[in-house]
Amino acid sequence: MIIEARNIRKSFGTLEVLKGVDVDVSEGEVLAIMGASGAGKSTLLQILGTLSKPNEGSLLIDGKDVLAMGQKELSAFRNRRIGFVFQDHHLLPEFTARENVMLPMLIAGKGTAQAKEHALELLDTVGLSGRESHKPSELSGGEQQRVAIARAIANGPAILFADEPSGNLDSRTKEEIHALFFRLREQLGQTIVIVTHDPSLAALCDRLLSMKDGLFVE
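Note that the structure is predicted; figures quoted are calculated from it, not measured.

Q: Tell me about the packing of aromatic side chains, and please be specific about residues and values.
A: Applying the stated criterion across every chain yields a total of two aromatic pairs. Both rings, one in F84 and one in F161, keep their centres 5.9 Å apart while their planes meet at 25°; by these two values the pair is stacked. One end of the pair, F84, is in strand β6 (residues 82-86); the other, F161, is in strand β7 (residues 159-163), and 77 residues separate them in sequence. Judged by relative accessible area, F161 falls into the buried class, the value being 0%.

Below you can see the structure in the form of structure tokens.
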């Protein structure tokens, strides 16, 4: 198992959002997590992705106890092993598509020339060849999401976490983004965990888990 989470609990004040969640994810699996708003899906995704810490529980990623890591070690681990795609892209508006994709590589210590070259390859992989010099404001929503996906896989992460990755897109673009995720799994062997409200995306995944009131339900 590439992800092993046990008894994950998370509260915000008196509100208990996660109530003892257990989940295992196999290497190379595409897992969908569905549920109504407020069920705890995004909170769980943030914890599995090491962006947030639970109040209780254990979390092994790649066999490593990530909850025991210090902040610096955890940041380096996240930069190397984990990629994120969010509904709202989170691209830096003043940077071009290529510069946005280069950022994680530069943070990881790659040279500029190497990062530039790899960013172009990644933009080609996600179908954006020739758009590398455009800033986010000059790209469509679907194109911005492709840049975000290229950035997420820049350092060849083992796991890609996606939170409503096609939530803001029209139906045709949505299908293209969905197909892209599965192409990446085939090409790069990535494990992908997707939080979604979209039944058509969930149906494509290897496995679907449904959340209700902070727990998985049958």
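The discussion continues.
Q: Mind laying out the sheet that holds strand β9 (residues 207-212), listing which residues take part and the relevant values?
A: Reading across the sheet, the six strands line up as β6-β7-β8-β3-β9-β10 and stay open at both edges, with mixed pairing between neighbours. In this open sheet, the two strands that pair with only one neighbour each are β6 and β10 (215-217). Neighbour-to-neighbour, the strand axes of this sheet turn through a mean angle of 25°, independent of strand direction. Contacts from helix α2 (residues 71-81) reach β6 and β7 within the one sheet, and its direction differs from that of β6 by about 75°.

Q: Can you lay out the packing of helix α3 (residues 97-107) against helix α5 (residues 141-152) for me, pointing to particular residues and giving the numbers?
A: Running from amino to carboxyl end, α3 crosses α5 at an angle of 25°, the nearest separation of the two axes being 8 Å. It follows from the interaxial angle that α3 and α5 lie roughly parallel. Note that α3 runs across α5; the crossing there is right-handed. Touching A97, N100, V101 and P104 of α3 are V147, A150 and R151, all from α5.

Q: How would you sum up the packing of α5 against helix α6 (residues 171-188)? Please name residues and give values.
A: With their axes 10 Å apart at the nearest point, α5 and α6 run at an angle of 15° to one another. The orientation of α5 with respect to α6, classified from their angle, is roughly parallel. Relative to α6, the crossing made by α5 is right-handed. Facing α5, whose interface residues are G142, Q145, R146 and I149, α6 presents T173, E176, I177, L180, F181 and L184. Here the residues of the contact of α5 with α6 are counted per class, giving five nonpolar, three polar and two charged.

Q: Could you give an account of the nonpolar core, naming the residues involved and the relevant values?
A: Among the nonpolar cores identified, the biggest contains 36 residues, and V101, V147, I149, L160 and F181 are the most heavily contacted of them. Looking at this core, the elements that each hand over two or more residues are β3 (30-35), α3, α4 (112-125), α5, β7, α6, β8 (191-195) and α7 (199-204). Contacts of V147, omitting those with residues within four sequence positions, involve L91, A97, N100, V101, L123, L128 and L139. Among the nonpolar cores identified, the runner-up in size contains 31 residues, and A5, L44, I61 and V195 belong to it.

Rules used throughout
Residues numbered from 1 in each chain as written. Predicted model: local features only at pLDDT ≥ 70, side-chain atom pairs only at ≥ 80, totals over all residues. Heavy atoms only, no water. Phe/Tyr/Trp six-rings, centres within 6.5 Å; stacked < 30°, edge-to-face > 60°. Helix = DSSP H or I, 4+ residues; strand = E, 2+ residues; numbered from the N terminus. Buried < 20%, exposed > 50% of the residue type's maximum accessible area, 1.4 Å probe, protein only. Pairing = 2+ DSSP bridges. Axes fitted to C-alpha atoms, helices over the stretch in contact; angles between N-to-C directions. Contact = heavy atoms within 4.5 Å. Parallel < 35°, antiparallel > 145°, perpendicular 65-115°, else oblique. Left-handed = near helix turned anticlockwise from the far one by under 90°. Nonpolar A, V, L, I, M, F, W, Y, C, P; charged D, E, K, R; others polar. Core = buried A, V, L, I, M, F, W, Y, C linked by side-chain atoms within 4.5 Å.

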